[in-house]
Amino acid sequence: MKRLLLLLALLWSGTLAAHPLAPALLQLKEGEGGKVELLWRASILQAVGVEPRLPADCRRLDEPAVIRDERGALTARWTLDCGTGLSGKTLLVPQLDRAGINVILRIERPDGSVLKTLLDASRPDYSVPALQAAPAVFPSYLQLGVEHLLLGFDHLLFVTGLVLLVRRLRALLITVTAFTLGHSITLSLAALGFVHVDSGYTELGIALSILLLACELARPAGSPPTLLARRPALMAVAFGLLHGLGFAGALAEIGLPQAEIPLALFGFNVGIELGQLLLVTALLGLGWLWRRLPLAAERPAALARLLPVYLIGSLAAYWCLERAAAL
């Protein structure tokens, strides 16, 4: 019997040397104030003589709670106080070459970001990088806001319709800013979880808002002005509330840094406003060039005005049908 046990032990040790066992898991969830929740999971065979070595300034706040499951895995949890946090500190799991295993290292940062890496015999340690500086959040979300506005075709058409509707520059800037105010409200409320609207109904509503604006633009010259024409800023605020829900859907896909949500929201909103102003400037510039081309004098003014209107209206009508069918 002793010889059989010795033989099995030799075969087992040879297997360990030839093939790494299933990787262990070292997970650290870093909260505010330098507190870290640590989880260490490994098989009972791996756990012998192998455990994470933490930075010297990370002290335990409680004794590890160890649980053994039916598959022979040990799970230990405890809480650490790492002072200024994990940034710049080095985590080490020694003796991985002796144990013949790898370790999956997973770190959740206070800003919501997650770091993942694999520790092995050739690299048993990992230096935690510094958190992204808070000021960098603003320019990154500012850029995302500009890009989303300029790449969102339905929002582009709506702002183009506003430019065609409101001819005076001051009134146009007020109207575009009112649109920004409207979508900033619902974007912020939806991003913070206070408002929940099905994205299908939101997209249909956005298409309907563009269609209504196109219908207003297609009215014959000299027709009695409607409320949309008399109060364009009021209309822009109302429709902006609807478009803000669409922006929120895009922002939800991007995600918000948990530690800098207000700054990220502000940057995204400012980016959308800058994108709108860039579009308005480009459209006004194109209109100025068109009026000075010799070709423009030979074309009926109504044709130059109605051609973009019917293009906007046709696309909006198609989107309405497509999005209604999807519901």
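Residues numbered from 1 in each chain as written. Predicted model: local features only at pLDDT ≥ 70, side-chain atom pairs only at ≥ 80, totals over all residues. Heavy atoms only, no water.

S.K.: Which parts of the structure should I look at to understand the state of the cysteines?
M.R.: In protein chemistry, a disulfide is the covalent bond that joins the sulfur atoms of two cysteines. The final tally for this structure, using the stated rule, is one disulfide. One disulfide bridge connects Cys 58 with Cys 82, the sulfur atoms lying 2.1 Å from each other. Handedness of the Cys 58-Cys 82 disulfide follows from its S-S torsion of about 120 degrees: it is right-handed. With Cys 58 in the loop between strand E2 (35-43) and strand E3 (59-60) and Cys 82 in the loop between strand E5 (73-81) and strand E6 (90-92), this residue pair connects regions lying 24 residues apart in the sequence. Taking the relative accessible area as the measure of exposure, Cys 82 reaches 0% and is therefore buried. (Disulfide = S-S within 2.5 Å. Helix = DSSP H or I, 4+ residues; strand = E, 2+ residues; numbered from the N terminus. Buried < 20%, exposed > 50% of the residue type's maximum accessible area, 1.4 Å probe, protein only.)

S.K.: How should I be thinking about the side chain of Arg 323 in this particular structure?
M.R.: By the element assignment, Arg 323 lies in helix H11 (residues 301-326). Among the polar contacts made by the side chain of Arg 323, one reaches the main-chain carbonyl oxygen of Glu 203 at a distance of 2.7 Å. Not counting chain neighbours up to four residues away, the residues in contact with Arg 323 comprise Asp 154, Glu 203, Leu 204, Ile 206 and Ala 207. (Polar contact = N/O pair within 3.5 Å; in protein donor to acceptor, adjacent residues only side chain to side chain. Contact = heavy atoms within 4.5 Å.)

S.K.: Please explain the pairing of strand E8 (residues 114-119) as it appears in this structure.
M.R.: Strand residues, when the strand is regular, have side chains that alternate between the two faces of the sheet. Bridge count between strand E7 (residues 103-108) and E8: six bridges; the pairing is antiparallel. Directly across from Arg 106, in E8, lies its bridge partner Lys 116. Counted between consecutive antiparallel strands, the loop separating E7 from E8 contains five residues, among which Gly 112 sits at a positive phi close to 95 degrees. (Pairing = 2+ DSSP bridges.)

S.K.: Help me understand unusual backbone geometry in this model?
M.R.: Even without a glycine there, the phi angle at Gln 95 is positive, about 65 degrees. Here Gln 95 shows up in the loop between E6 and helix H2 (96-99).

S.K.: What should I look at first to understand the pattern of salt bridges in this one?
M.R.: Once the charged atoms of two side chains with opposite charge are near each other, the side chains can pair. What the rule picks out here adds up to six salt bridges. Taking the shortest distance from any N to any O, the salt bridge between Asp 57 and Lys 89 comes out at 3.4 Å. Residue Asp 57 is found in the loop between E2 and E3, and its partner Lys 89 is found in the loop between E5 and E6; the two are separated by 32 residues along the sequence. A residue is classified by how much of its surface remains accessible, and Lys 89, at 9% relative accessible area, is buried. Of the charged contacts in the structure, one is a salt bridge between Glu 203 and Arg 323, with a shortest N-O distance of 3.5 Å. Here Arg 323 lies in helix H11 and Glu 203 lies in helix H6 (residues 199-217), a separation of 120 residues in the sequence. (Salt bridge = Lys/Arg side-chain N within 4 Å of Asp/Glu carboxyl O.)

Fair warning: the whole summary comes from geometry, so function is off the table for now.
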